[in-house]
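Given next are the chains, with one letter for each unit.
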Amino acid sequence: AQTVTQSQPEMSVQEAETVTLSCTYDTSENNYYLFWYKQPPSRQMILVIRQEAYKQQNATENRFSVNFQKAAKSFSLKISDSQLGDTAMYFCAFVFGNTDKLIFGTGTRLQVFP
Amino acid sequence: DAMVIQNPRYQVTQFGKPVTLSCSQTLNHNVMYWYQQKSSQAPKLLFHYYDKDFNNEADTPDNFQSRRPNTSFCFLDIRSPGLGDAAMYLCATSRRGRTQYFGPGTRLLVL
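None of these values were measured; they are calculated from a predicted model.

Quick look at the packing of aromatic side chains
A ring pair, where both rings are aromatic, is described by two values, the distance of the centres and the angle of the planes.
Thought 1: All told, the structure shown has 17 aromatic pairs over all chains when counted by the stated rule.
Thought 2: Ring geometry for Trp36(A) against Phe75(A): centres 6.3 Å apart, planes inclined by 20°, an arrangement best described as stacked. In this pair, Trp36(A) is assigned in strand β5 (residues 32–39) and Phe75(A) in strand β9 (residues 74–79), connecting sequence segments 39 residues apart. Each member of the pair, Trp36(A) as well as Phe75(A), is classed as buried.
Thought 3: Of the aromatic side chains, those joined through ring pairs into one cluster are Phe35(A), Tyr37(A), Phe91(A), Phe104(A), Tyr33(B), Tyr35(B) and Phe102(B).
Thought 4: A cation over a ring is seen here: Arg96(B) above Tyr50(B), with NZ or CZ 3.8 Å from the ring centre.

Structure below.
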């Protein structure tokens, strides 16, 4: 079965601090893509970062980086220098092979405090 | 800028009155998706099109239908909305097996 687990329903962080959101997944596939999406109160689903499973190098997008551990099937998101605008629900997800289905985790609600 | 557009952003309908939500894209992606999302939950895939091939999820109610007249447009028809169909409806597009890009969503209210 293809599953994604986000074990932290809610997290909070102070502005300018660093926070890490956890994600583990289960798949027997070897070829897949992993994603973190952000959904602010506007409910627009925004791509934060993506990682190709065949790449060993961890993806980075400005203040956002991932720690991809393929053997452990772990894909955590680190947000550095947190900003108030980072307050949102964060979904971990993956798609594998030539399928079209995005498998979502249950989400982590992040609150950034001033 | 290339994008995914959804109209309307807010839709109010009456119980049992048919409603159509629309999605268009300028990304020239061959896959288009419709998701239903209720508060604090992950989006739930209703169906998707790979080009003109329609793929329905097994647990999508018959009340939900979709049309894709061309590459750019996709419609979600709810034939007889019930109170339980009130939700955010998200459209997304992608190349096969690649990143999905989402529109801003349509919030549906059923009275």
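Remarks on the side chain of Thr87(A)
Residues and elements named next belong to chain A.
Thought 1: Position of threonine 87 relative to the elements: it lies in the loop between β9 and β10 (88–96).
Thought 2: Taking the relative accessible area as the measure of exposure, threonine 87 reaches 19% and is therefore buried.
Thought 3: A distance of 3.0 Å separates a polar atom in the side chain of threonine 87 from the backbone nitrogen of valine 112.
Thought 4: Not counting residues within four places of it along the chain, the set of residues in contact with threonine 87 comprises Pro40, Pro41, Leu110, Gln111 and Val112.

Observations regarding the state of the cysteines
Thought 1: Per the counting criterion, the structure on display carries two disulfides over all chains.
Thought 2: In this model, Cys23(A) is linked to Cys92(A) through a disulfide, with the two sulfur atoms separated by 2.0 Å. Residues Cys23(A) and Cys92(A) are joined by a disulfide whose S-S torsion is about -70°; by sign, that bridge is left-handed. Here the residue Cys23(A) occupies a position in the loop between β3 (19–21) and β4 (24–26), and Cys92(A) occupies one in strand β10, the gap between them amounting to 69 residues. The pair formed by Cys23(A) and Cys92(A) is uniform in burial state, with each residue classed as buried.
Thought 3: Residue pairing for Cys23(B): its cysteine sulfur links by disulfide to Cys91(B), the two sulfurs lying 1.9 Å apart. With the S-S dihedral at roughly -75°, the linkage between Cys23(B) and Cys91(B) falls on the left-handed side.

A word on the interface of chain B and chain A
How large an interface is tends to be reported as the accessible area lost when its parts come together.
Thought 1: At the junction of the two partners, chain B supplies 26 residues and chain A supplies 22 residues.
Thought 2: For the pairing of chain B and chain A, the buried interface totals around 1,900 Å² over both sides, and the portion due to carbon and sulfur atoms is 47%.
Thought 3: Summed over the shared surface of chain B and chain A, the number is one salt bridge.
Thought 4: Measuring nitrogen to oxygen at the nearest pair gives 3.0 Å for the salt bridge that ties Glu57(B) to Lys101(A).
Thought 5: One can count nine residue pairs in polar contact (both at pLDDT 80 or more) joining chain B with chain A.
Thought 6: No other element matches the four residues that strand β4 (residues 31–37) of chain B contributes to the side of chain B that touches chain A.
Thought 7: Residues of the side of chain B that touches chain A, tallied by class, amount to 12 nonpolar, nine polar and five charged.

A closer look at the pattern of salt bridges
Residues and elements named next belong to chain A.
Thought 1: In total, this model carries six salt bridges over all chains according to the counting rule given.
Thought 2: Measuring nitrogen to oxygen at the nearest pair gives 3.5 Å for the salt bridge that ties aspartate 26 to lysine 73. Of the two residues, aspartate 26 is situated in strand β4 and lysine 73 in the loop between β8 (64–69) and β9; the sequence distance between them amounts to 47 residues.
Thought 3: The class of aspartate 26 is partly exposed, set by a relative accessible area of 37%.
Thought 4: What makes lysine 73 partly exposed here is its relative accessible area of 26%.

Calculation rules
- Residues numbered from 1 in each chain as written.
- Chains lettered and ligands numbered in written order.
- Predicted model: local features only at pLDDT ≥ 70, side-chain atom pairs only at ≥ 80, totals over all residues.
- Heavy atoms only, no water.
- Phe/Tyr/Trp six-rings, centres within 6.5 Å; stacked < 30°, edge-to-face > 60°.
- Helix = DSSP H or I, 4+ residues; strand = E, 2+ residues; numbered from the N terminus.
- Buried < 20%, exposed > 50% of the residue type's maximum accessible area, 1.4 Å probe, protein only.
- Lys NZ or Arg CZ within 6 Å of the ring centre and 35° of its normal.
- Polar contact = N/O pair within 3.5 Å; in protein donor to acceptor, adjacent residues only side chain to side chain.
- Contact = heavy atoms within 4.5 Å.
- Disulfide = S-S within 2.5 Å.
- Buried area = accessible area lost by both parts, 1.4 Å probe.
- Salt bridge = Lys/Arg side-chain N within 4 Å of Asp/Glu carboxyl O.
- Nonpolar A, V, L, I, M, F, W, Y, C, P; charged D, E, K, R; others polar.

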